[in-house]
Amino acid sequence: AQSVTQLGSHVSVSEGALVLLRCNYSSSVPPYLFWYVQYPNQGLQLLLKYTSAATLVKGINGFEAEFKKSETSFHLTKPSAHMSDAAEYFCAVGIQGAQKLVFGQGTRLTINP
Amino acid sequence: DTGVSQDPRHKITKRGQNVTFRCDPISEHNRLYWYRQTLGQGPEFLTYFQNEAQLEKSRLLSDRFSAERPKGSFSTLEIQRTEQGDSAMYLCASSLDGQATRGYTFGSGTRLTVV
């Protein structure tokens, strides 16, 4: 069964520092992978997606993620953190042609001034 | 395109009462999804519709839960005889048939508190 594991429920970085949020997936078939961001009391906004095209995927707000099949990973990075990046981030794997999403437990990102 | 709308944004109810939530998807989207998110967790799939047909229901959707999409447009999620364990954020999302790989569009959710 497909699943995702997000390593680290809470990540704290300084403003301007590199952001790295880790996601490992388990899938018996080529996966569809997504990163979503959730601000307090809001729904989820799609940051980026991997759908078997380029392994390095660029998303909104300066985020990108690299699909590494050998490591079954899809880590999210941003070169320079901004205060507005503080939010909850969810990695998800799409199953049944991405008609259902299985989410990780989320990583809360805190940005220190 | 006004996005996915959910109503109400917040609902506080007493245990044992029935509640109903509404979701209005993006108008041209024929697929509609319901997810539930409890505090500190990622969203969990509940059910999804293609037009008015409910194609799949999760085991999380007990017989106290029912979802409808009568005309293939808006959807309602009803919880009967609410329990404290039902307290959660209920998220609705929509997509175009065959384009779920592009990612869904989520609404802002309805936060249910059962007291």
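This structure is a prediction, so every number in the text was calculated from the model and none was measured. (Residues numbered from 1 in each chain as written. Chains lettered and ligands numbered in written order. Predicted model: local features only at pLDDT ≥ 70, side-chain atom pairs only at ≥ 80, totals over all residues. Heavy atoms only, no water.)

**Student:** Can you help me understand the side chain of Thr82(B) in this one?
**Tutor:** Residues and elements named next belong to chain B. Its place among the elements puts Thr82 in the loop between strand E8 (75–79) and strand E9 (88–95). Only 2.9 Å separates the side chain of Thr82 from the backbone oxygen of Gln17, close enough to count as a polar contact. When sequence neighbours within four positions are dropped, the list of residues in contact with Thr82 reads Thr13, Lys14, Arg15, Gly16, Gln17, Val19, Arg64 and Val114. (Helix = DSSP H or I, 4+ residues; strand = E, 2+ residues; numbered from the N terminus. Polar contact = N/O pair within 3.5 Å; in protein donor to acceptor, adjacent residues only side chain to side chain. Contact = heavy atoms within 4.5 Å.)

**Student:** Help me out: how do you make sense of the layout of surface pockets in this one?
**Tutor:** Empty space among the atoms can be located by rolling a probe the size of a water molecule over them. Counted as a void, the largest pocket has a volume near 370 Å³. Lining the largest pocket are 18 residues, with Val102(A), Glu44(B), Phe45(B), Ser58(B) and Leu60(B) sitting closest to its centre. For the lining of the largest pocket, the secondary-structure elements that each account for two or more residues are strand E10 (100–103) of chain A together with strand E5 (44–50) and strand E6 (53–57) of chain B. For the lining of the largest pocket, the leading source of residues is E10(A), giving four residues. Broken down by class, the residue content of the lining of the largest pocket amounts to seven nonpolar, six polar and five charged. Space inside the second largest pocket adds up to approximately 310 Å³. Surrounding the second largest pocket, 18 residues form its lining, Gln38(A), Glu88(A), Arg108(A), Gln37(B) and Gly40(B) being those nearest its centre. Looking at the lining of the second largest pocket element by element, the count peaks at three residues for strand E9 (residues 87–95) of chain A. Looking at the lining of the second largest pocket residue by residue, the classes come out as six nonpolar, nine polar and three charged. (1 Å grid on protein atoms, 1.4 Å probe; cavity = no way out; pocket = protein on both sides within 12 Å on 5 of 7 lines; lining within 4 Å. Points joined across faces, edges and corners; volume = space filled by probe spheres on them. Nonpolar A, V, L, I, M, F, W, Y, C, P; charged D, E, K, R; others polar.)

By themselves, these figures tell us nothing about what the structure is for.
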